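Here are the chains, one letter per residue:
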Amino acid sequence: MICAMGETEVPRSATPGVSAQRRMIGPRRPTAIMLLTLIALAALAAPAAARARHRGRPAAPTAITVLSGRPDLVVGEQALLQVSVPRTENPRRARITVGHRAVTRAFALRPGRTLLGLVSGLHRGRNLVTVRFRDGSGARITLTDHPVGGPLFAGPQVQPWTCQPGARDRHCDAPPSYRYLYRSTNPADAGLLPYDPAHPPADVATTPVNGAQVPFVVRVETGYEDRDQYAIAVLYRPGRLWTSVRPQAQFAHKMLVTHGASCNIAYAVGTTPSTTSYNLARGSGMTDSAQWALAHGWAVMSTAMDNTGHDCDVVTQAESLLMAKQRVIDRYGTLRYTIGIGCSGGSLVQQWVANAYPGIYQGLLPTCSFPDAWSSATQVFDYHLMNLYFGDSGRWGSGVSWTPAQEAAVQDDATTKNSTLSDFGFFGAIDPSHSCPGTTAADRYNATSNPGGVRCSISDFAVNVFGRRPRSEWGPQERALGHGFAGLPVDNIGVQYGLAALRAGTISPAQFVDLNAKLGGVDPETIAPIPHRNVADPFALAAAYRSGMIDEANHLGQVAIIDCRGPNPDLAHDAYRAFAVRARLDRANRTHANQLIWEGPVQLIASTACQQDALQAMDGWLGRVSADHRTLPLNAKIIRDRPQALGDRCYDAAGGIQSTHALCPPGVVPLYGTPRMVAGDPITTDANKCRLQPLRRTTDGVGFTGAQWAQLQQIFPAGVCDYTQPGVDQQPTIAWQTYQTPAGRVIPGGRPMPPAPVSVAFASR
């Protein structure tokens, strides 16, 4: 039996006479010998007790984490590393090396027994980083450094390429430049004004960040990576030290990425979307998202390649964003989360990069959204052909007339204006002869005078993804040149254009037959109209799905999404696309709980309040996710940590919130579709080549004459689309594909990268 210290218990069977005494002897003064004995026993017991407490829980081994990004995709000869030190070791006794070079002094001790340090001076290729303690234990990891001019994983870079003036090499490398801006206390001076650190103005406003009022002074860094421009803006105290290990106090460790619009390509350096003023509806009274983020201590970043009107290729966009994000982490500090924002092409890059290269973003704020370029391409492709057909019904000898209402019915739109604008604005991106930056009329492709010239099409720009057309399919130009052009993942074999309009009685059987007989396709070499339909290149079609060029949303559950969506009054930014993403999420993940749609009556953007409300709501949502340390899958955390107050939403015309957990009434944001949805395609709209089923003589009571039936059999000899089945070669996106071998040769269509390297712990000798 254990007794109280200094007390002794006497057994109840004590000798006679003892009963008159106290059975419990009172406290006695400890002797010196007793004190020494107790101290010795306590010293022995302490480690024993510690071992007992941790019995069955061995100390975690030493671990090295590359905070910049993947260890095998390091850029710029540096990387921010974190060393987790086991409880059995003294962090101050660690020795850290890169190869045989000691870099221990680059590391600082941080809470949680971790060491944080920026390792510089990496050499091109593999670099072995080792952490070792005095007992010989430690860990090692290999970093692979890549040139700042690229590529990382996008494969051989397109040529020719025009660099910016002053570039020091053909990769457009150049030292970064810096400029300063500030917000004035004078309310008449809106926006940010030039700031001279040598002569600071007297009217600098302050902003509350991290519990303190700090000057609203912004530094904008502009540089070049991956042969193109990047920009990083942060609140900055001129003259004060800032390193990634010791950032300035106002840094919030969050980042907003701004994006550009449209879908096109260039063979030259471009300029970044603004990092200091980003407003999707200028003059509307909408809050400037970039300045809100800066005022709250965020970094705001962009790259020229995340401007989809400059670079409409998911792989090079992801590569550019990854490199610039590493720059932010290496130079400014760690990031809790990164949020993208943008309309049109700016929504497109967010959604297909997040799906193909998960982890680059944690939150998306798409507006007037597109899920990707190449499933949307079928709609643009069909509009182009229909505009040719309706604009010149006699092109292929047609004598059938159409009313505007009938034309709109086969396009599933209120009018035909949407198809006209879409065709005019977007179809040129797949035309190899259209003018694009970095080319001239003399060196650009021309079907007649220069068939070997630079092709300004988004498919040829992404030839590493789509591969080249096989020799068996070469046309006369390809045969003369000795190589194929990039494959096209667009097909209209079996599509019954106008089917729903026929069933509804809006168009006649004669119109249905004539439309499908005369619509035709485009020449894969020249993109000129041809009388027969297009067959997708099989290699390009499968690659489009694997690469994420067609966004299957199977990795999109790993980001939080708030989509601001207003009506599309013939502006070629159809409202159904937000719901196409929702349908793909449901199909891939059995839920769309990570995506919210906020609607309103303002064209395309829902409300002047939506963008700002969404940014603040996303900040709160991701703040909860980043603080959630439960051992749950990321997609589960995103859903479970979504604040209860956040749901689908409806705004009114004044920017007021009409509902917080329901969409607007259908008349506020009408949902029109596409020509293929009229043909039976579901709202997912990503079956670029449909599977076929037999043609039926009657369609829901609609009969055809003998001549019409014979003509339909000629139009559809292999059958018609069966949209109840997945498309041909339709498959999930493969995350983190690379398009180059270690030697830098192209891997057409890509292949999955191996798992990201992790540190390997080793024991004492």
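See the structure shown above.
Described in the following lines is the structure provided in the data block. Here the residue numbering is sequential within each chain, running from 1 through the sequence in written order. Restriction of local features to residues with pLDDT of at least 70 applies here, the model being predicted, together with a cutoff of 80 or more for giving and counting side-chain atom pairs; totals for whole chains, interfaces and linings are based on all residues. Heavy atoms throughout the structure, all of them, feed into the side-chain values; hydrogens and water do not.

1. A short note on helix α13 (residues 538–547)
What counts here: Only protein chains enter the area calculation, which uses a 1.4 Å probe; residues under 20% of their type maximum are buried, those over 50% are exposed, and those in between are partly exposed. The helix count covers DSSP runs of H or I at least four residues long, the strand count covers runs of E at least two residues long, and both are numbered beginning at the N terminus. In this description, contact between two residues means that some pair of their heavy atoms is separated by no more than 4.5 Å. Nitrogen and oxygen atoms within 3.5 Å of one another constitute a polar contact, given that in protein one can donate a hydrogen and the other can accept it, and given that sequence-neighbouring residues count only through two side-chain atoms.
With 8 of 10 residues buried, α13 is to be regarded as a mostly interior element. When α13 is considered as a whole, its buried residues turn out to be Ala540, Leu541, Ala542, Ala543, Ala544, Tyr545, Arg546 and Ser547. In the core, the buried residues of α13 are packed alongside α3 (314–332), α4 (345–356), α9 (463–466), β30 (737–740) and β31 (746–752). At the N-terminal boundary of α13, the capping side chain belongs to Asp537, with an oxygen 3.2 Å from the backbone nitrogen of Phe539. Following α13 by one or two positions, Gly548 adopts a phi angle in the positive range, close to 95 degrees.

2. A short note on the sheet that holds strand β19 (residues 299–303)
This is how it is decided: Two strands qualify as a pair provided that DSSP identifies no fewer than 2 bridges between them. Working convention: axes come from line fits to C-alpha atoms, limited for helices to the stretch in contact. Angles between N-to-C directions cover 0 to 180 degrees.
The 12 strands lie next to each other as β13-β12-β16-β17-β19-β18-β20-β21-β24-β25-β26-β27, forming an open sheet whose pairing is mixed. The open sheet has two edge strands, β13 (193–194) and β27 (657–659), and neither has a second partner. Direction of pairing for strand β18 (residues 254–258) relative to β19: parallel, over a ladder of 3 bridges. Bridge pairing links Val257 to Met301 in β19. This element, α4, spans β20 (337–344), β21 (363–369) and β24 (560–565) of the sheet and lies at about 135 degrees to β20. This element, helix α15 (residues 610–626), spans β18, β20, β21, β24, β25 (595–599) and β26 (649–651) of the sheet and lies at about 170 degrees to β24.

3. A short note on the state of the cysteines
In plain terms, the rule: Whenever a pair of cysteine sulfur atoms sits within 2.5 Å, that pair is classed as a disulfide.
If you walk through the whole model with that rule in mind, you get 7 disulfides. Here Cys163 engages in a disulfide with Cys172; their sulfurs sit 2.0 Å apart. Disulfide Cys163-Cys172: torsion about the S-S bond near -80 degrees, hence left-handed. Residue Cys436 pairs covalently with Cys456 via a disulfide, S to S 2.0 Å. Here the disulfide of Cys436 and Cys456 is left-handed, its torsion about the S-S bond being about -55 degrees.

4. Focus on the sheet that holds strand β5 (residues 78–84)
Pairing in this open sheet of 4 strands is antiparallel, and the strands run β3-β5-β9-β8 from one edge to the other. Of all strands in the sheet, those with a lone pairing partner are β3 (63–66) and β8 (107–110), marking the two edges. Looking at each pair of strands side by side, their axes are set apart by 25 degrees on average, direction ignored. Alignment of β3 against β5, held across 4 bridges, turns out to be antiparallel. Across the sheet, the residue bridging to Thr65 is Gln82, located in β5. Relative to β5, α3 is tilted by about 65 degrees, and along the sheet it contacts β5 and β9 (114–120).

5. Remarks on α15
What counts is decided by this rule: Any helix carries an expected span of 1.5 Å times its number of residues minus one.
End to end, α15 covers 24 Å across 17 residues, agreeing with the expected 24 Å (1.5 Å per residue, within 8%). Counting buried residues along α15, 12 of its 17 residues qualify, which places the element largely inside the surrounding structure. Residues of α15 that are buried: Cys610, Gln611, Gln612, Ala614, Leu615, Ala617, Met618, Asp619, Trp621, Leu622, Gly623 and Val625.

6. Section: the nonpolar core
Applicable threshold: Residues enter a nonpolar core if they are buried and are Ala, Val, Leu, Ile, Met, Phe, Trp, Tyr or Cys, with the set joined through side-chain atoms within 4.5 Å.
Core analysis: the biggest nonpolar cluster contains 119 residues, and Phe153, Trp352, Tyr357, Tyr361 and Trp374 have the highest contact counts within it. Sort the elements by how many residues they give to this core and α3 lands first, with 10 residues. Setting aside its immediate chain neighbours within four residues, Trp374 contacts Trp352, Ile430, Ile458, Ser459, Phe466, Leu488, Pro489, Val490, Met549, Ile550 and Asn688. Residues Trp298, Tyr337, Ile562 and Ala609 belong to the second largest nonpolar core, which totals 41 residues.

7. Things to note about unusual backbone geometry
Geometrically, the link from Gly150 to Pro151 is a cis peptide bond, its omega value of 0 degrees lying close to zero. One can find Pro151 in the loop between β11 (138–146) and β12 (177–182). Cis geometry is adopted by the peptide bond preceding Pro160, which originates at Gln159 and carries an omega value of 0 degrees. If you check the backbone angles, Ser262 has positive phi at about 75 degrees while not being a glycine. Note that Ser262 resides in the loop between β18 and α2 (289–295). A relative accessible area of 30% places Ser262 in the partly exposed class. Phi at Ser344 is positive, roughly 60 degrees, even though this residue is not glycine. Relative to the helices and strands, Ser344 resides in strand β20.

8. Quick look at the side chain of Glu225
To keep things clear, this is the line we draw: His is not counted, nor are the chain ends, whereas Lys and Arg count as positive and Asp and Glu as negative. A pair is scored as a salt bridge if a Lys or Arg side-chain nitrogen falls within 4 Å of a carboxyl oxygen belonging to Asp or Glu.
Among the secondary structure elements, Glu225 is positioned in strand β16 (residues 217–225). Among buried charged residues, Glu225 stands out as having no salt bridge; its nearest opposite-charge side chain is Arg327, 5.2 Å away. One polar contact links the side chain of Glu225 to the main-chain amide nitrogen of Ala324, over a distance of 3.3 Å. Setting aside residues up to four positions removed in sequence, Glu225 forms contacts with Val75, Val148, Tyr230, Met323, Ala324 and Arg327.

9. Concerning the pattern of salt bridges
With the rule as written, the count across this model stands at 16 salt bridges. The residue Arg327 makes a salt bridge to Glu221 at a minimum N-O spacing of 2.8 Å. On the criterion of sequence distance, the pair formed by Arg327 in helix α3 and Glu221 in strand β16 is long-range, its members being 106 residues apart. Residue class for Arg327 comes out buried when judged on its relative accessible area of 12%. Residue class for Glu221 comes out buried when judged on its relative accessible area of 1%. Between Arg469 and Glu478 there is a salt bridge; the shortest N-O distance is 2.9 Å. One exposure class covers both Arg469 and Glu478, and it is buried.

Interpretation note: all reported values are geometric properties and have no functional meaning in isolation.
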